[in-house]
Amino acid sequence: MKNAAITPYLAGTVASTTGSIATFGIAIAGLSAMGASQSQTATAIVAMLVGYGVLSIGLSVWLRMPISIVWSTPGAAFLATSSGLGVSFETAVGAFIVSSLLVVLTGAWPALSRLIAKIPPQISAAMLAGVIFPFVAATVRSSVDFPILIIPVIVIWLMLNRLLPLWASPIAILIGFALIAMSQEAKSFEVLSFWPSLEIISPVFDIGVIVAIGIPLYLISMASQNLPGLAIMSGLGYPLPTSKIFVATGVGSVVTSFFGGFGLNLAAITAALNADEGAGKDPSKRWKAAAWGGVVYLIFALFASVFAAFVLAVPTELLLALAGLALIKTFASSLRTAVSDESTRLAGVVTFVIGAAGISVLGIGGAFWALVSGILVWSIRAR
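Described below are features of the structure shown in this document. Small disclaimer: the values here were computed from a predicted structure and weren't measured. (Residues numbered from 1 in each chain as written. Predicted model: local features only at pLDDT ≥ 70, side-chain atom pairs only at ≥ 80, totals over all residues. Heavy atoms only, no water.)

### Describing helix α15 (residues 316–338)
Here is step 1: A rise of 1.5 Å per residue sets the reference length of α15, with its 23 residues, at 33 Å; its end C-alpha atoms lie only 29 Å apart and thus fall more than 12% short of the reference.
Here is step 2: The largest bend in α15 amounts to roughly 50° and is located at L327.
Here is step 3: Buried within α15 are the following residues: L318, L319, A321, L322, A323, G324, L325, L327, F331, S334 and A338. (Helix = DSSP H or I, 4+ residues; strand = E, 2+ residues; numbered from the N terminus. Expected span 1.5 Å × (residues − 1). Bend = angle between axes of the 7 residues up to and from the residue. Buried < 20%, exposed > 50% of the residue type's maximum accessible area, 1.4 Å probe, protein only.)

### Examining the side chain of T43
Here is step 1: The residue T43 is located in helix α3 (residues 38–63) in this model.
Here is step 2: The exposure class of T43 is buried, given its relative accessible area of 0%.
Here is step 3: Residue contacts for T43: discarding those within four places in its chain leaves P196, S197, L198, E199 and F259. (Contact = heavy atoms within 4.5 Å.)

### Focus on the packing of aromatic side chains
Here is step 1: Inspection of the entire model under this criterion finds six aromatic pairs.
Here is step 2: For the ring pair F133 and F331, a centre distance of 6.1 Å and an interplane angle of 40° mean the geometry is tilted. Here F133, found in helix α7 (residues 121–145), pairs with F331, found in helix α15; they are 198 residues apart in sequence, far enough to count as distant.
Here is step 3: Of the residues examined, F133 reaches a relative accessible area of 33% and is grouped as partly exposed.
Here is step 4: A relative accessible area of 12% places F331 in the buried class.
Here is step 5: On the basis of an interplanar angle of 50° and a centroid distance of 6.2 Å, the ring pair of F331 and F352 is categorised as tilted. Here F352 lies in helix α16 (residues 345–357) and F331 lies in helix α15, a separation of 21 residues in the sequence.
Here is step 6: Relative accessible area serves as the criterion here: at 18%, F352 is assigned to the buried category.
Here is step 7: Following the ring pairs from residue to residue traces out a cluster consisting of Y52, W71 and Y297. (Phe/Tyr/Trp six-rings, centres within 6.5 Å; stacked < 30°, edge-to-face > 60°.)

### Some details on the packing of α3 against helix α13 (residues 287–301)
Here is step 1: In contact at an axis separation of 8 Å, α3 and α13 are set at 160° when each is read in the N-to-C sense. Taken together, the axis directions place α3 and α13 in an arrangement best described as roughly antiparallel. Crossing of α3 over α13 shows left-handed handedness. Of the residues in α13, those touching α3 at V46, L49, V50, Y52, G53, V54, S56, I57, S60 and V61 are W287, A290, A291, G294, V295, Y297, L298, F300 and A301.
Here is step 2: Residue composition of the contact of α3 with α13, by class: 15 nonpolar, four polar and no charged. (Axes fitted to C-alpha atoms, helices over the stretch in contact; angles between N-to-C directions. Parallel < 35°, antiparallel > 145°, perpendicular 65-115°, else oblique. Left-handed = near helix turned anticlockwise from the far one by under 90°. Nonpolar A, V, L, I, M, F, W, Y, C, P; charged D, E, K, R; others polar.)

### Points about the pattern of salt bridges
Here is step 1: Summed over the entire model, instances satisfying the criterion amount to one salt bridge.
Here is step 2: Close ionic contact of R345 with E342 constitutes a salt bridge, the shortest N to O distance being 2.9 Å.
Here is step 3: A relative accessible area of 32% means that R345 is categorised as partly exposed.
Here is step 4: Using a relative accessible area of 52% as the deciding quantity, one classes E342 as exposed. (Salt bridge = Lys/Arg side-chain N within 4 Å of Asp/Glu carboxyl O.)

### Quick look at the nonpolar core
Here is step 1: By size, the foremost hydrophobic cluster in this structure holds 100 residues, and its most contacted members are I45, F96, I213 and F262.
Here is step 2: Those residues in contact with I213, other than ones at most four positions away along the chain, are M34, F78, L79, S82, L85, A95 and F96. (Core = buried A, V, L, I, M, F, W, Y, C linked by side-chain atoms within 4.5 Å.)

### Considering the side chain of T91
Here is step 1: Of note, T91 is situated in helix α5 (residues 89–108).
Here is step 2: Here S88 takes part through its backbone oxygen, which lies 2.8 Å from a polar atom of the side chain of T91.
Here is step 3: The contacts of T91, once residues within four sequence positions are left out, are V204, D206 and V209. (Polar contact = N/O pair within 3.5 Å; in protein donor to acceptor, adjacent residues only side chain to side chain.)

### What about helix α4 (residues 73–80)?
Here is step 1: Of all the eight residues making up α4, eight are buried; the element is thus mostly covered by neighbouring parts of the structure.
Here is step 2: Within α4, the full set of buried residues consists of T73, P74, G75, A76, A77, F78, L79 and A80.

### Quick word on unusual backbone geometry
Backbone geometry follows two general trends: most residues other than glycine have a negative phi, and most peptide bonds adopt the trans configuration.
Here is step 1: Notably, R64 is not glycine yet its phi reads approximately 55°, a positive angle.
Here is step 2: Within the element layout of this structure, R64 appears in the loop between α3 and β1 (69–70).

### Structural notes on a nonpolar patch on the surface
Here is step 1: Taken together, the side chains of W195, L198, W292, V295, I299, L302 and F303 present a nonpolar region at the surface, about 600 Å² in accessible area.
Here is step 2: Mapped onto the fold, F303 is located in the loop between α13 and α14 (304–313).
Here is step 3: Assessed through its relative accessible area of 43%, F303 is described here as partly exposed. (Patch = residues over 30% accessible without salt bridge, like charges linked within 9 Å, V, L, I, M, F, W, Y side chains within 5 Å. Areas by Shrake-Rupley, 256 points an atom, 1.4 Å probe, with all protein chains shown as cover.)

### Looking at the environment of L179
Here is step 1: Within the secondary structure layout, L179 lies in helix α9 (residues 168–182).
Here is step 2: Taking the C-alpha atoms as reference points, L179 and I148, 31 residues apart in sequence, are found 9.2 Å from one another.
Here is step 3: When residues no more than four places from it in sequence are discounted, the contact partners of L179 are L149, P152 and V153.

### Examining the environment of A36
Here is step 1: Here A36 lies in the loop between α2 (24–33) and α3.
Here is step 2: Counting along the chain gives 54 residues from A36 to E90, while the straight-line C-alpha distance between them is 8.8 Å.
Here is step 3: When neighbours within four sequence positions are excluded, A36 is seen to be in contact with L31, T41 and F89.

### What about the packing of α4 against α7?
Here is step 1: Running from amino to carboxyl end, α4 crosses α7 at an angle of 65°, the nearest separation of the two axes being 9 Å. As summarised for this structure, α4 and α7 are arranged roughly perpendicular, according to the angle between their axes. Our pair here, α4 against α7, has a crossing hand that is left-handed. Only L128, V131 and F135 of α7 make contact with α4, whose side of the interface consists of P74, A77, F78 and A80.
Here is step 2: In terms of residue class, the contact of α4 with α7 is built from seven nonpolar, no polar and no charged.

What follows is the structure, given as structure tokens:
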């Protein structure tokens, strides 16, 4: 009888954690683009997994709500597309810390949250779509360059979107990794250590890197994860205490940043998997699914070094292609929001084009300039 009672919560746990684990490649690509070594990358992944395992368990048990904490996949995608900035990992970590402190400030100072909320969602969505676009395009390019590996994954993804839409991306991506692992494209990889040394990074605070990396990372995480996550949870009957969530995740992010982590935030889609009926009939007990998810994340932390070594040995084009599949629904949703309102449509299109162009001006990447340009166009047209 007890097993029957636990099963629904484990179903939600399996669905949500499978989706999160499938984004490992994007997170590792983002850290690598920031100049992290293999050891530093493994350390960062371990720190983030432990961080959101502890926070998922702690917040769910404390508040008796299914609160899932994850890293920002769109944020990782943003980092992966910012490799052209040529920052050192120490300065990137400094930017991660500032981004995390902004989250703490958002929770402690409601006025900042209201200020962020004033940015039209169409512009935020357009910036996110521009950041994600290179990954979606990489899926198309890789299907031409590596058809035997990528086209079957796309076909499986399309079929699952009709049959099991929530599982489509996780299953397709895991199959993609399996195909790549069995192919000649996967170079032999070396695991430096089963458990990384967990070295602490001495951050360097560079104003240019903070503007180029830290602020856009904060805005992307707020726009793509935290704010949608709050809305989704509220819609499912769980009005979360915003201040407590932001302060807890912000402080947790600061801690993990010293190990190379780029941030922890409220889950959106993953949160829904742990908060709807699929995770249990009794809404008052669905917090168990999120708590069990935290336990699974802690277990996965044990194997982070092995997975990081494998991902770093895989050709970048294939990694980007799989990431594109994971992000295509987010891209479609963001693009739809960007052009949904006639009064902000031009600003949204300008934001998207600049974000997708991959430019760098004064050492600052396109995401920042996309946001600035979009707000400027919106402000002019609003007058």
